[in-house]
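These are the residues of each chain, in order.
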Amino acid sequence: MQSHPGGQRRAERQLEGAAGHPNLPPHPLSCPADLYRKVFVFRNDPSDAYVVLRAHLEQPLQNLTVCLRSYTDLTRPHSLFSYATKAQDNEILLFKPKPGEYRVYVGGKFVTFRVPEGHRGWEHVCASWESTTGIAEFWLNGKPWPRKGLQRGYTVGQEGIIMLGQDQDTFGGGFDPYNSFSGELADVYLWDTGLSPDKMRAAYQSLRLPPAVLAWKSLSYEVKGDVVLKPWLREPLRPPQEFLWEKKGHRQPLQRGPDNVLLFPSFNKTLVGTYVCTATGPLGTAVATYDLWIDDLWDQAFVFPQETQDSHVLVTVKPEQPLQNFTVCLRSYTDLTRPHSLFSYATKEQDNEILLFKPKPGEYRVYVGGKFVTFRVPKGVLESEHICVTWESTTGIVGFWLNGKPWPRKGLQRGYTVGQEGVIVLGQDQDTFGGGFEIQESFVGEISSVYMWDRGITTSAVRGLMNNWLDAAPIFGWRNFPYQMVGEVFLKP
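Residues numbered from 1 in each chain as written. Predicted model: local features only at pLDDT ≥ 70, side-chain atom pairs only at ≥ 80, totals over all residues. Heavy atoms only, no water.

Scanning the protein from terminus to terminus reveals 2 helices and 33 strands. Sorting the 493 residues of the protein into buried and exposed places 53% on the buried side. Within the protein, contacts between residues separated by at least 24 positions form 69% of all contacts whose residues are at least 6 apart in sequence. (Helix = DSSP H or I, 4+ residues; strand = E, 2+ residues; numbered from the N terminus. Buried < 20%, exposed > 50% of the residue type's maximum accessible area, 1.4 Å probe, protein only. Contact = heavy atoms within 4.5 Å.)

Structure below.
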């Protein structure tokens, strides 16, 4: 990166020792050290200090995950993790231009993730990227943010220099002191693969992790400048000591030990059933129950990584007869502030036969037969939103629920009949039958838990549906979802 907001006080001269090592001349390697419960403290602001991390990549990267913890009161731009090659200085870069915003760079291009401005505590971040789809994931303190698209088909170079605390604007140097880090860094990891959601959470909780290219518990590093290694003052997370996995109907436990993940070497219908995990630790016991189905999207989401003219999900089923009543439910996760379509049902006679549309934050529109009613909701913080909409022809009453809470009902199209021969699309607004999409109304983010019934629904059923618990068979549902992905859409955990 050549400049950032807040860098107007750029130093008049190159930092001593930075300009003179474009490829960091050879020096003795440190033995790998276990830095558990230790931190690097970068004491000065601004600073010319950094830490070089030693890692051996056996081949160029098609996938990657970077995780670390930081603790700082900086409000100016600063670099956390910088991986540069001779061909590209921002090959991989985790950068924080201001409070409440992170940038993830791959191959010189970036996507931005906006997060709540915290209370200046420790922040644990993980960023992953895969070349085949271009999807970039971002996790903050064990919580995923809406995925985005970045550098699909790119390959990260193999011969690189990895640094903490400085942004390399040239290979191994070119530092701007007003992009330097000041504070504490810990728990730095780099994998040459993407991590599952369970492992992302395990990284946040300091649980058992898969082998890594760079690992905090076996780190080869060299300190340059005013950086010191100190004990971690933060109270360490106390993970459970044991996980017990059982299957209902089986007498013998399936697995007992420190691993919180139950793996199946192969999968078949005999594994369908209900599984119980009991976690026991110093603070007590917690129990979680999991239902395993076949042809099930229970823990999956459609990811729309970027705005496009035509990317969408086509639902390959339709009602058996015209609709006098219906219910549509889904969950969405996005940071869009512009208008966007979530669910579009069009017939040849009416393009907005059923449409769930969000014109702006804090407002939903429900269309039936080309007319709509508006439901105004709190703008809130960035969270996934679960919505359900019902409509009945005999009264024209529309019901709307947000995250299990009902809104005041409204009237719309009393006596109308929704046509049977329709096309159902997620992520685009059909302005013609099966098409007529506009990029300015395309969805960017994640959609999951999509259901449709030819009847109404109760508030208790809506609340159960937030966890994919059904009390009646739908026309289609997330537990057995018929779909076709078109364009830049991916199904991800």
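To continue, consider the side chain of Arg331. Looking at where Arg331 falls in the secondary structure, it is placed in strand 22 (residues 325-333). Buried and unpaired, Arg331 has no salt bridge, with Glu383 as the nearest side chain of opposite charge at 7.9 Å. Not counting residues within four places of it along the chain, the set of residues in contact with Arg331 comprises Ser384, Glu385, His386, Glu446, Ile447, Ser448, Ser449 and Met466. (Lys, Arg positive; Asp, Glu negative; His and termini not counted. Salt bridge = Lys/Arg side-chain N within 4 Å of Asp/Glu carboxyl O.)

Turning our attention to the pattern of salt bridges. Evaluation of the coordinates by the stated rule reveals 22 salt bridges. The closest approach of N and O atoms between Glu101 and Arg103, which form a salt bridge, is 3.9 Å. For Glu101, a relative accessible area of 8% gives the class buried. Residue Arg103 is classed as buried on the basis of its relative accessible area, which comes to 15%. Glu363 serves as the salt-bridge partner of Arg365, at 3.8 Å between the closest nitrogen and oxygen. For Arg365, a relative accessible area of 24% gives the class partly exposed. Through salt bridges with shared partners, a single network forms among Lys360, Glu363, Arg365 and Arg376.

What follows concerns the sheet that holds strand 7 (residues 109-114). One open sheet holds the 7 strands; their spatial order is 7-6-5-4-12-2-14, and the pairing between them is antiparallel. With one partner strand each, in any of the chains shown, strand 7 and strand 14 (220-224) form the two edges of the open sheet. When the angles between neighbouring strand axes are averaged without regard to direction, this sheet yields 25°. (Pairing = 2+ DSSP bridges. Axes fitted to C-alpha atoms, helices over the stretch in contact; angles between N-to-C directions.)

Where strand 21 (residues 312-315) meets strand 32 (residues 483-486), 4 bridges bridge the pair, whose relative direction is antiparallel. Paired with His312 across the two strands is Val486, which belongs to strand 32. Relative to strand 30 (residues 422-426), strand 21 runs antiparallel, the two sharing 3 bridges. Paired with Val315 across the strands is Ile424, a residue of strand 30.

Another point: the environment of Lys371. Residue placement: Lys371 occurs in strand 26 (residues 371-376). For the pair Lys371 and Glu353, spaced 18 residues apart in sequence, the C-alpha separation works out to 8.7 Å. If we skip the residues at most four places from it in the chain, Lys371 touches Val366, Leu412 and Gln413.

This paragraph deals with the packing of aromatic side chains. Tallied over the full model, the rule gives 23 aromatic pairs. Consider the rings of Tyr451 and Trp453, whose centres lie 5.7 Å apart with planes at 15°: the pair is stacked. For Trp453, a relative accessible area of 2% gives the class buried. Put simply, the rings of Phe302, Phe476, Trp478, Phe481 and Tyr483 pair up and form one aromatic cluster. (Phe/Tyr/Trp six-rings, centres within 6.5 Å; stacked < 30°, edge-to-face > 60°.)

Attention shifts here to the confidence of the model for the protein. Caution applies to low-pLDDT parts of the model: their predicted coordinates are not meant to be read in detail. Per-residue confidence for the protein gives a mean pLDDT of 88; residues scoring 70 or more make up 89%. At the level of individual helices and strands, the protein shows its lowest average pLDDT in strand 19 (residues 284-292), which scores 73, and its highest in strand 6 (residues 101-106), which scores 98. Note that pLDDT drops below 50 for residues 2-29; the model gives that stretch 51 contacts with residues more than four away or on any other chain. (pLDDT = per-residue confidence, 0-100.)

Here we come to the nonpolar core. Generally speaking, soluble globular proteins have nonpolar side chains that are buried together. Grouped together as the largest cluster of nonpolar side chains are 58 residues, with contacts concentrated most on Phe40, Leu53, Phe81, Leu94, Phe138 and Leu164. Per-element tally for this core: the top contributor is strand 13 (residues 183-191), with 6 residues. Ignoring sequence-local partners within four residues, the contact set of Phe138 consists of Tyr102, Val104, Phe113, Val115, Val125, Cys126, Lys143, Pro144 and Trp145. (Core = buried A, V, L, I, M, F, W, Y, C linked by side-chain atoms within 4.5 Å.)

The subject of this paragraph is the state of the cysteines. The final tally for this structure, using the stated rule, is 2 disulfides. Paired by a disulfide, Cys67 and Cys126 hold their sulfur atoms 2.0 Å apart. Because the torsion about its S-S bond is 115°, the bridge between Cys67 and Cys126 counts as right-handed. In this pair, Cys67 sits in strand 3 (residues 63-71) while Cys126 sits in strand 8 (residues 123-130), placing the two residues 59 residues apart along the sequence. Here Cys329 is linked by a disulfide to Cys388, with a sulfur-sulfur distance of 2.0 Å. For the disulfide bridge between Cys329 and Cys388, the dihedral angle about the S-S bond is near 115°, and by the sign convention the bridge is right-handed. Residue Cys329 is found in strand 22, and its partner Cys388 is found in strand 27 (residues 385-392); the two are separated by 59 residues along the sequence. For the pair Cys329 and Cys388, a shared accessibility class is recorded, and that class is buried. (Disulfide = S-S within 2.5 Å.)

This brings us to the environment of Leu140. Assignment of secondary structure puts Leu140 in strand 9 (residues 135-140). Counting along the chain gives 25 residues from Leu140 to Val115, while the straight-line C-alpha distance between them is 8.1 Å. When neighbours within four sequence positions are excluded, Leu140 is seen to be in contact with Val115, Glu123, His124, Val125 and Trp145.

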